[in-house]
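Okay, here's what each chain looks like letter by letter:
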Amino acid sequence: MKKIFLIPIVCLYFNLCLAQFQEKVFPNIPNLSNSKCVWGDINHDGRQDLVLMGEQPDKYVTSIYINDNDHFSQMIVPELIPLSNGSISLLDFNNDNYLDLFCSGIDKDGNKHSLLFKNINGSSFTKITSSFENVNLSSHTWLDFNNDGFLDLVLSGLNDKNQIITKTYINNKEESFDSQEYNLAAIYSGSTTSIDYDKDGWTDLLITGKSEGARRICYLYRNEKGISFQKVIELEGVTEGDSEWGDINNDGYPDLVIAGYNGDSYQSKIYTNKKGTLQFSQNLSVPLGGCDLEWLDYDGDEDLDLISIGGVNNTSPKTVLYTNNDAVLSNSNIAFPNVFTGCLAITDFNGDGKADIFISGTQIPEGPKSLFYTNNYSFSYENPTPPTVLNSTTNYPNVSLSWTEGSDDISNPSSLRYRLKLGTAGDLSELYPFYTNLATGENLLTSQNGLSGTTIEIVNLSEGKYYWAVQSIDIAGNISELSDSHTFFINAPISLGEDLNVCHGKQIQLSIPDGNYTANWYSKSKGEIASNTNKISLSITTDDTVWVKLNKDYGGVVYDTINIFHHETPEIDLINETYSCPDESISLNPITNGTTWTWKTFQNKILSNNLNYNLLTTEKDSLIFEVQSEYGCIAKDTSFIFINEL
């Protein structure tokens, strides 16, 4: 992202800092404490809207505010319950390209809730009936755990029985969820986040908070290819805090900041990701509790800075904006109103391409505040470019997608993240959540999101033709154009069965199930032998290879091949006429290359299974000699016994 920037004069007094970040007042946005907040383009108008949860002195608030450019107007959602002590997020759980809303917490009457609302074309929300446990002191994260293209939910907190839980809910693609147990640490008053920290194409999970016995934990779980979570790293646990992933050193691997109370003191720590191993790198200068953290590039210098709010010793509120200098965060000394027990949300809410800041929380002694700050730094970005080489490898019913890195004029391409667009038509992405407006190309979510690697496996796709493309995202949240659209086919395999051993002249039938396709048949010896039929009949006189080609109605092509091994019938050398005197003992001794033998009468009575047959002649007789090869080929000959009269 090529940029031009001018660093303003360093602040010496708070009022001068307003030259760098200017406070903007929106009277209808409520002042809140104990708040949560998130930005997203809810109504597809290209502007970032705001969702708020928190407390006023006389009531709780959960509200949606639509950005009308110079003011915000509240969207009325009758089923949206005012909550506090919870968490909120915007996501696309049903892949319709509209941002849905999830919130959890406790209402003014002490009832706990976990609520999912579906966005109806950007104009309203409707509540989805779900089996989610109701929780407060909660945290959650949405991730595609099993790589089926639909977001699943990990939810933590205190449930209706005040039990500590962490539950995983798998999205069944029908606007409902199934609870699954993955032996995750149960926590409350903590943070639950997800990211592909090791860039293996599967989203991993970080859980930190208060567990049983008030024990503070912090566990990183690796996603074992959608089958289980494996705890791989244990860090110092904190509660009443936050954790956020961001690539502080632009090496392409997400790094981690964690802040909160460890039971003895307040901590704010940076862990650097060394290709899948987290290493402590820095204590931040102002350790905080009751805090919130957000990454941003506020000064346009192509690396992630950090802003934090919280309480020093959980009492004195503090807002700190850290500047990134060669992957080391230092206090910028840019002054903001100090708040704690609140939230931060970063976006470009005025459309000038720079990171603006929303701060909500408690000031002392002023009380609850909600504050907007527009970024007045002088710089501009050029958007990154998308990947140019895309590859797909299918293995029914899965596909592995990969792409080369996009490019950015200044930033390391390894620091780019990616959005995947995947659908059954070129203008759809109904098979993977895509946070870019499909109609306009506008950014729906400017928060840190996207795939950290350049490969992903999507599983359990139905048979058909699929269209996909990839979009680059830089560290500031700017998006590229889409790459060229590519296609792949998911084809259910067909089988003609195992290779066949067939005796000379035998008729065989080959067939495949009925379906939406045309089938053409070919053989090595004869070329095309049949068309537009699902079965054929062949008389085998030589070794051959037969294959069928299915042209699916969606454009896919499927082949299967069967080898046919021809076998001659066994040879028999048998004296066909034998003359004997009455009551004489004779021996019939045929010569054959068959492997099993049977002597029997014309009435199919079996006389012997030996090669040679001895008998006492008493009258004229007729015998059948039958032999079979190791491949089941059968030959027969007849021996006639004649009695000479004395």
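Refer to the preceding data block for the structure.
Residues numbered from 1 in each chain as written. Predicted model: local features only at pLDDT ≥ 70, side-chain atom pairs only at ≥ 80, totals over all residues. Heavy atoms only, no water.

1. Looking at the sheet that holds strand β38 (residues 500-503)
Pairing in this open sheet of 5 strands is mixed, and the strands run β38-β44-β43-β40-β41 from one edge to the other. The open sheet is flanked by β38 and β41 (527-531), the only strands paired with a single partner. Averaged over neighbouring strand pairs, the angle between their axes works out to 30° when direction is ignored. (Pairing = 2+ DSSP bridges. Helix = DSSP H or I, 4+ residues; strand = E, 2+ residues; numbered from the N terminus. Axes fitted to C-alpha atoms, helices over the stretch in contact; angles between N-to-C directions.)

2. Examining the state of the cysteines
This structure, assessed with the given rule, holds 2 disulfides. Note on cysteine connectivity: Cys37 is disulfide-linked to Cys343, with sulfurs 2.2 Å apart. Its torsion about the S-S bond being 130°, the disulfide of Cys37 and Cys343 is classed as right-handed. One end of the pair, Cys37, is in strand β3 (residues 33-40); the other, Cys343, is in strand β27 (residues 340-347), and 306 residues separate them in sequence. The pair formed by Cys37 and Cys343 is uniform in burial state, with each residue classed as buried. Here Cys218 stays unpaired: no disulfide links it, and the sulfur of Cys291, its closest cysteine neighbor, is 13 Å away. Here Cys291 stays unpaired: no disulfide links it, and the sulfur of Cys343, its closest cysteine neighbor, is 12 Å away. (Disulfide = S-S within 2.5 Å. Buried < 20%, exposed > 50% of the residue type's maximum accessible area, 1.4 Å probe, protein only.)

3. Some points on the pattern of salt bridges
Evaluated as defined, the whole model comprises 9 salt bridges. The residue Asp45 makes a salt bridge to Arg47 at a minimum N-O spacing of 3.2 Å. A relative accessible area of 30% means that Asp45 is categorised as partly exposed. The class of Arg47 is partly exposed, set by a relative accessible area of 30%. Through salt bridges that share partners, Lys600, Glu626 and Lys636 make up one connected network. (Salt bridge = Lys/Arg side-chain N within 4 Å of Asp/Glu carboxyl O.)

4. Some details on the packing of aromatic side chains
For the structure on display, the rule yields 37 aromatic pairs. Arranged with centres 5.4 Å apart and planes meeting at 75°, the rings of Tyr298 and Tyr377 form a pair that is edge-to-face. Taken together, the residues span a long stretch of sequence, with Tyr298 in the loop between β23 (289-296) and β24 (305-312) and Tyr377 in the loop between β29 (367-375) and β30 (378-381) at a distance of 79 residues. Each member of the pair, Tyr298 together with Tyr377, is buried. A network of ring pairs unites the aromatic residues Phe26, Trp39, Phe72, Phe349, Phe358 and Phe372 as a single cluster. Here the guanidinium or amino end of Lys199 rests over the ring plane of Tyr253, the centre of that ring lying 4.8 Å away. A cation sits over an aromatic face here: Lys269 above Phe280, 5.6 Å from the ring centre. (Phe/Tyr/Trp six-rings, centres within 6.5 Å; stacked < 30°, edge-to-face > 60°. Lys NZ or Arg CZ within 6 Å of the ring centre and 35° of its normal.)

5. Quick notes on the side chain of Thr272
Within the secondary structure, Thr272 sits in strand β21 (residues 266-273). Thr272 gets classed as buried once you look at its relative accessible area, which sits at 10%. In this view, Thr272 contacts Asn249, Asp255, Thr277, Leu278, Gln279 and Ser281; residues no more than four positions away in its chain are not counted. (Contact = heavy atoms within 4.5 Å.)

6. Some words on the nonpolar core
Formed by 35 residues in total, the largest nonpolar core has its most connected members in Ile64, Phe132 and Trp142. Where this core is concerned, the elements lending two or more residues are β4 (49-56), β5 (59-67), β7 (84-91), β8 (100-106), β9 (112-120), β10 (124-128), β12 (152-158) and β13 (164-171). Apart from the residues within four sequence positions on either side, Phe132 is in contact with Phe102, Ser114, Leu116, Trp142, Leu153, Leu155, Tyr169 and Phe177. (Core = buried A, V, L, I, M, F, W, Y, C linked by side-chain atoms within 4.5 Å.)

7. Quick notes on the pairing of strand β35 (residues 464-473)
Counting buried residues along β35, 8 of its 10 residues qualify, which places the element largely inside the surrounding structure. One ladder, built from 7 bridges, connects strand β33 (residues 417-423) with β35; its direction is antiparallel. Note that in β35 the partner of Leu420 across the bridge is Val470. In this sheet, strand β37 (residues 486-490) lies alongside β35 in antiparallel orientation, the contact comprising 5 bridges. Across the sheet, residue Lys465 finds its bridge partner in β37, namely Phe489. Across 2 bridges, β35 lies against strand β36 (residues 479-482) in antiparallel orientation. By the bridge assignment for β36, Gln471 is matched with Leu482. Between β35 and β36, which pair antiparallel in sequence order, lie 5 residues; one of them, Gly477, sits at a positive phi of approximately 90°.

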